[in-house]
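Residues per chain, in single letters:
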Amino acid sequence: MPRAGRRRPAGDSPLRSALGGVLALVASERRPRLSAWSQRLATTRVPPTDASYDGHQALLSLKSAFPYSKMAAPAPCDAGSSPGGSRTGRRPFPGVRSPLRGNGWRRPPPPRLPGGKMASRVLVQYVVLRGDLRREPLSWPLGALVAQACHAALAVVHAHYAHADTAAYLAQGGGMRTVVLEAPDEHALSALAETLQKNGIDHKVWVEQPENVATCVALRPYPKEHVHRHLKTFKLLK
């Protein structure tokens, strides 16, 4: 606040008054150089505050009145984190905390999805296996069913090995995510293959030989949100 007995000049702003009071208090502790700065602050003209005036312009005006060469070295901060800050990472007015961020001169948080979750890109490989193969009258052994899923998954990865999503998926190593779903019969499996074909989804229908029976459909690794709508009617294989 202004010193007692001092009349605020016309057009004075609360920001300039507050800074003037702080500098006057420090100057009273036998610091002549800051006292001179306080006098210079009192003579610095700052436009009056109104609805159309950006308060950050006041900081820039005060900055011109106090050259960096005559002040203490400012603390570093993230480049571009302060409104009006320079790209060199220096604060617009050393020693003054941000009026918008308090103590923090941090980068804005990363974008979030509407539900508040962090934006991410999860790659998943979906494999859809016929469930009727393990039931009567077919009664395929468990090992044969596992082999069908492995054949289909390897075949589609081999066919789309050069795709960026495939490379990123394989680079995850032990973190790869594979979802195995169950199609009730061959008709449902064929219908799924047609749907994927119409929507341009890369996939592989594995046909076991010499039986010449379609047993499995495998998709190349995709972002989950890109293909989930085509597979939501299928349940997990149990």
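Residues numbered from 1 in each chain as written. Predicted model: local features only at pLDDT ≥ 70, side-chain atom pairs only at ≥ 80, totals over all residues. Heavy atoms only, no water.

The next point concerns helix H7 (residues 224-231). Within H7, burial applies to Val 227, His 230 and Leu 231. Along the long axis of H7, the arc covered by the buried residues comes to 90 degrees, so they all point the same way. Contacts made by the buried residues of H7 are with strand S1 (123-130), strand S2 (178-183), helix H6 (186-198), strand S4 (213-219) and strand S5 (222-223). (Buried < 20%, exposed > 50% of the residue type's maximum accessible area, 1.4 Å probe, protein only. Helix = DSSP H or I, 4+ residues; strand = E, 2+ residues; numbered from the N terminus. Arc of directions from axis to C-beta. Contact = heavy atoms within 4.5 Å.)

What follows is about the packing of aromatic side chains. Two descriptors summarise a pair of aromatic rings, namely the distance from one centre to the other and the angle between the planes of the rings. All chains considered together, the criterion is met by 0 aromatic pairs. The side chain of Arg 220 reaches across the aromatic face of Tyr 222, ending 3.8 Å from its centre. (Phe/Tyr/Trp six-rings, centres within 6.5 Å; stacked < 30°, edge-to-face > 60°. Lys NZ or Arg CZ within 6 Å of the ring centre and 35° of its normal.)

Within the structure shown, the criterion is met by 6 salt bridges. Close ionic contact of Glu 186 with Arg 130 constitutes a salt bridge, the shortest N to O distance being 3.6 Å. Pair noted here: Glu 186 is in helix H6 and Arg 130 is in strand S1, with a separation of 56 residues, a long-range link. Between Arg 134 and Glu 182 there is a salt bridge whose closest N-O contact spans 3.6 Å. Linking Arg 134 in the loop between S1 and helix H4 (142-159) with Glu 182 in strand S2, this pair joins segments that are 48 residues apart in sequence. The class of Glu 182 is buried, set by a relative accessible area of 18%. (Salt bridge = Lys/Arg side-chain N within 4 Å of Asp/Glu carboxyl O.)

Another aspect to go through is the nonpolar core. Among the nonpolar cores identified, the biggest contains 17 residues, and Tyr 126, Val 128, Leu 192, Leu 219 and Leu 231 are the most heavily contacted of them. Counting only elements with at least two residues in this core, the list comes to S1, S2, H6, S4 and H7. Residue contributions to this core peak at 4 residues, all from H6. The next biggest cluster of nonpolar side chains, apart from the first, holds 12 residues, and it includes Leu 145, Ala 149, Ala 153 and Cys 216. (Core = buried A, V, L, I, M, F, W, Y, C linked by side-chain atoms within 4.5 Å.)

Turning next to the state of the cysteines. Within the structure shown, the criterion is met by 0 disulfides. Between Cys 150, a cysteine without a disulfide, and Cys 216, which holds the nearest cysteine sulfur, the sulfur-to-sulfur distance is 9.2 Å. Accessibility expressed as a relative area gives 0% for Cys 216, which makes it buried. (Disulfide = S-S within 2.5 Å.)

Moving on, we get to the pairing of S1. With 8 of 8 residues buried, S1 is to be regarded as a mostly interior element. By the alternation rule, side chains of S1 split into Leu 123, Gln 125, Val 127 and Leu 129 and Val 124, Tyr 126, Val 128 and Arg 130, which are all buried. Relative to S5, S1 runs antiparallel, the two sharing 2 bridges. Bridging across to S5, Val 124 finds its partner in Tyr 222. Inspection of the sheet shows S1 paired to S2 by 6 bridges, in the parallel sense. Within the sheet, the bridge partner assigned to Tyr 126 lies in S2 and is Val 179. Relative to S4, S1 runs antiparallel, the two sharing 3 bridges. Directly across from Leu 129, in S4, lies its bridge partner Cys 216. (Pairing = 2+ DSSP bridges.)

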